[in-house]
Amino acid sequence: MSRSAKVFNTKLTQLLGIRTPVVLPPMAGAAGGKLAGQVTSAGGFGFLSASYGATPADFKQQLSFARSALQTPDSINSTAVEFPVGVGYLAWQLETPKSTVLELLPIALEHNIQAVWFAFGENLPQWIQFVRDHDRRLGNDKKTLIFVQISTVKEALVAANEWKVDCIVAQGVESGGHGAGYALPLQNLLPLVLAAMPADSPPILAAGGLANGAHLASVLTLGAAGAVFGTRFLFANDSLYSDLQRKALVSATSEMSVRSMAWDSARGTLGWPAGVDGRGLRNSTVEDFENGLAIEALQSKFQEAVKNQDIDRLIVWAGTGSIVEELHIEAIEHLETAKSLVM
Ligand SMILES: Cc1cc2nc3c(=O)[nH]c(=O)nc-3n(C[C@H](O)[C@H](O)[C@H](O)COP(=O)(O)O)c2cc1C
């Protein structure tokens, strides 16, 4: 049997009815409906993001892009799910007064999506209950799967034992975009979370700095049920990243990826729960922030950069996985192994 004809069998592939335990996370400003549908169509599972001021009309359009991208049915999951994509919410934005994000949760549920993903909020149980109440009102056995992203063993235990979520995403400190600055590296966090879980725990996914098949294999070997690839999917044609952002990513090395509140301060998207910051490519916005530039000046330079599309000040969220570096290391490794075959 060819390698691509083989399928994986993990708690995640069983839960979602998919063949490859690869998940596209909801990435604000980066993962829209088209990419989410494409990832599911290819055998993984795609989430689109519902955040940062999207209107209900914009959001419905993203959902329809996802539906269109799903029209390659034979590769799709075995469980005959009607709409096999997920939608992710930044939970604190659901709680922000006058936020449009709150309107987007019932819309997604009415569209019968397969899963929701919640991250970064103090009141996650309230939103989990919201989804369960919706399912109960429908009363047709439909169960929207609930994914929750966590950063510590304690959070994982609460999510599994108290909230009874369907899937837990363990996010290491290497992750691109927002995350807990206090999280452990994935190689430490994942085994600790797995060891703390009961045998019948929900699937545990690994997130942070993963960029290739060797990484997927390594987290599966540790006991994860699947892997989340964020930064890696930013390179896809249908990610919502601009060409400029992609170009910056291509030439970046892992060391350029730093955690900071610089970009949120500059763009005015503050209000994250304590301890959460964002990982992206170091640039002049970070330098100015670290040198103590006044917030007004930081923001006005940022607005100027938006006008001029100055990537040295704009945001390029990115984890520690660098594509060029990965290829470099992999190629050297294979060439060295090949060399040793000849005496
Ligand atoms: C551009 C970008 C936007 C992100 N937006 C979100 C988001 O809206 N909600 C969320 O839960 N996680 C978000 N994340 C984090 C991802 O869920 C995931 O944990 C992370 O991408 C994994 O690390 P990696 O980028 O190194 O693969 C984002 C990540 C990136 C790169």
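A quick note: this is a predicted structure, and the numbers were derived from the prediction, not measured.

### What about the overall build of the protein?
Now for step 1: In terms of helices and strands, the protein carries 14 helices and 11 strands.
Now for step 2: Since a compact globule built from 343 residues should have a radius of gyration of about 20 Å, the 20 Å found for the protein is in line with a globular shape.
Now for step 3: Once the C-alpha set of the protein is aligned to its principal axes, its extents read approximately 70 × 55 × 40 Å.
Now for step 4: Taking all 343 residues of the protein together, the buried fraction comes to 51%.
Now for step 5: A total of about 16,000 Å² of accessible surface is found on the protein, and carbon and sulfur atoms cover 57% of it.
Now for step 6: Taking the 26 positively charged and 32 negatively charged side chains of the protein as two groups, their mean positions are separated by 4 Å.

### Considering the site of the ligand
Now for step 1: What surrounds the ligand is a group of 24 residues, the closest being Trp 117, Gln 171, Gly 209, Gly 230 and Thr 231.
Now for step 2: Here an oxygen atom of the ligand and a side-chain polar atom of Gln 149 are 3.1 Å apart.
Now for step 3: Within the backbone of Gly 209, an N or O atom sits 2.8 Å from an oxygen atom of the ligand.
Now for step 4: Alone, the ligand offers 590 Å² of accessible surface; in the complex the protein occludes 98% of this.
Now for step 5: Of the residues in the shell around the ligand, the class split is 13 nonpolar, 10 polar and one charged.

### Some details on the side chain of Ser 175
Now for step 1: Structurally, Ser 175 is set in the loop between strand E6 (167-171) and strand E7 (177-180).
Now for step 2: For Ser 175, the side chain forms a polar contact with the main-chain oxygen of Gly 172, separated by 2.9 Å.

### Regarding the domain arrangement of the protein
Now for step 1: When cut into domains, the protein gives domain 1 (13-235) and domain 2 (242-343).
Now for step 2: With centres defined by C-alpha atoms, the gap from domain 1 to domain 2 works out at 23 Å.
Now for step 3: Taken together, the contacts link 24 residues of domain 1 with 25 residues of domain 2.
Now for step 4: Regarding the contact of domain 1 and domain 2, the summed buried area is about 2,100 Å², with carbon and sulfur atoms giving 62% of it.

### A short note on the sheet that holds strand E2 (residues 45-49)
Whether parallel or antiparallel, the strands of a sheet pair through hydrogen bonds between backbone atoms.
Now for step 1: Ordered by their spatial adjacency, eight strands build a closed barrel running E1-E2-E3-E4-E5-E6-E8-E9, and the pairing between neighbours is parallel. Here the strands of the sheet are splayed against their neighbours by 25° on average, with no regard to which way each runs.
Now for step 2: Set on the sheet, helix H7 (residues 153-162) makes contact with strand E5 (145-150) and E6; between it and E5 the angle comes to about 165°.
Now for step 3: Where helix H9 (residues 213-222) meets the sheet, it contacts strand E1 (22-24), strand E8 (204-207) and strand E9 (226-228), and its direction lies at approximately 130° from that of E9.

### Description of unusual backbone geometry
Now for step 1: Its identity as a non-glycine residue notwithstanding, Asn 112 has a phi of 65°, on the positive side.
Now for step 2: With respect to the element layout, Asn 112 can be found in the loop between helix H5 (101-110) and strand E4 (113-119).
Now for step 3: One non-glycine residue with positive phi stands out, namely Lys 164, at about 50°.
Now for step 4: Considering the arrangement of structural elements, one finds Lys 164 in the loop between H7 and E6.
Now for step 5: Judged by its relative accessible area of 54%, Lys 164 is exposed.

### Quick notes on the pairing of strand E11 (residues 276-281)
Now for step 1: The element E11 is largely enclosed, with a buried count of six among its six residues.
Now for step 2: Note that E7 and E11 share four bridges and pair antiparallel. Among the inter-strand pairings, Ala 180 is bridged to a residue of E11, identified as Val 276.
Now for step 3: With four bridges joining them, strand E10 (residues 257-260) and E11 adopt antiparallel strand pairing. Bridging from a neighbouring strand, Ser 257 pairs with Leu 281 of E11.

### Some points on the packing of helix H8 (residues 186-196) against H9
Now for step 1: Across the interface, H8 lies against H9 with an axial gap of 10 Å and an inter-helix angle of 30°. It follows that H8 is roughly parallel to H9 by the angle criterion. The hand of the H8/H9 crossing is right-handed. Only Ser 218, Val 219 and Leu 222 of H9 make contact with H8, whose side of the interface consists of Leu 186, Gln 187, Leu 190 and Leu 194.
Now for step 2: Here the residues of the contact of H8 with H9 sort into five nonpolar, two polar and no charged.

### A word on the packing of aromatic side chains
Working definition: an aromatic ring pair is given by the centre-to-centre distance plus the angle between the planes.
Now for step 1: Across all of its chains, the model carries eight aromatic pairs by this definition.
Now for step 2: Consider the rings of Phe 47 and Phe 147, whose centres lie 5.0 Å apart with planes at 70°: the pair is edge-to-face. Separated by 100 residues along the polypeptide, Phe 47 in strand E2 and Phe 147 in strand E5 bring together distant segments of the chain. The same class applies to Phe 47 as to Phe 147, namely buried.

Calculation rules
Residues numbered from 1 in each chain as written. Predicted model: local features only at pLDDT ≥ 70, side-chain atom pairs only at ≥ 80, totals over all residues. Heavy atoms only, no water. Helix = DSSP H or I, 4+ residues; strand = E, 2+ residues; numbered from the N terminus. Rg over C-alpha atoms; globule rule 2.2 N^0.38 Å. Buried < 20%, exposed > 50% of the residue type's maximum accessible area, 1.4 Å probe, protein only. Areas by Shrake-Rupley, 256 points an atom, 1.4 Å probe, with all protein chains shown as cover. Lys, Arg positive; Asp, Glu negative; His and termini not counted. Charge placed at Lys NZ, Arg CZ, Asp CG, Glu CD. Near = heavy atom within 4 Å. Polar contact = N/O pair within 3.5 Å; in protein donor to acceptor, adjacent residues only side chain to side chain. Nonpolar A, V, L, I, M, F, W, Y, C, P; charged D, E, K, R; others polar. Domains from an automatic or database assignment. Contact = heavy atoms within 4.5 Å. Buried area = accessible area lost by both parts, 1.4 Å probe. Pairing = 2+ DSSP bridges. Axes fitted to C-alpha atoms, helices over the stretch in contact; angles between N-to-C directions. Parallel < 35°, antiparallel > 145°, perpendicular 65-115°, else oblique. Left-handed = near helix turned anticlockwise from the far one by under 90°. Phe/Tyr/Trp six-rings, centres within 6.5 Å; stacked < 30°, edge-to-face > 60°.

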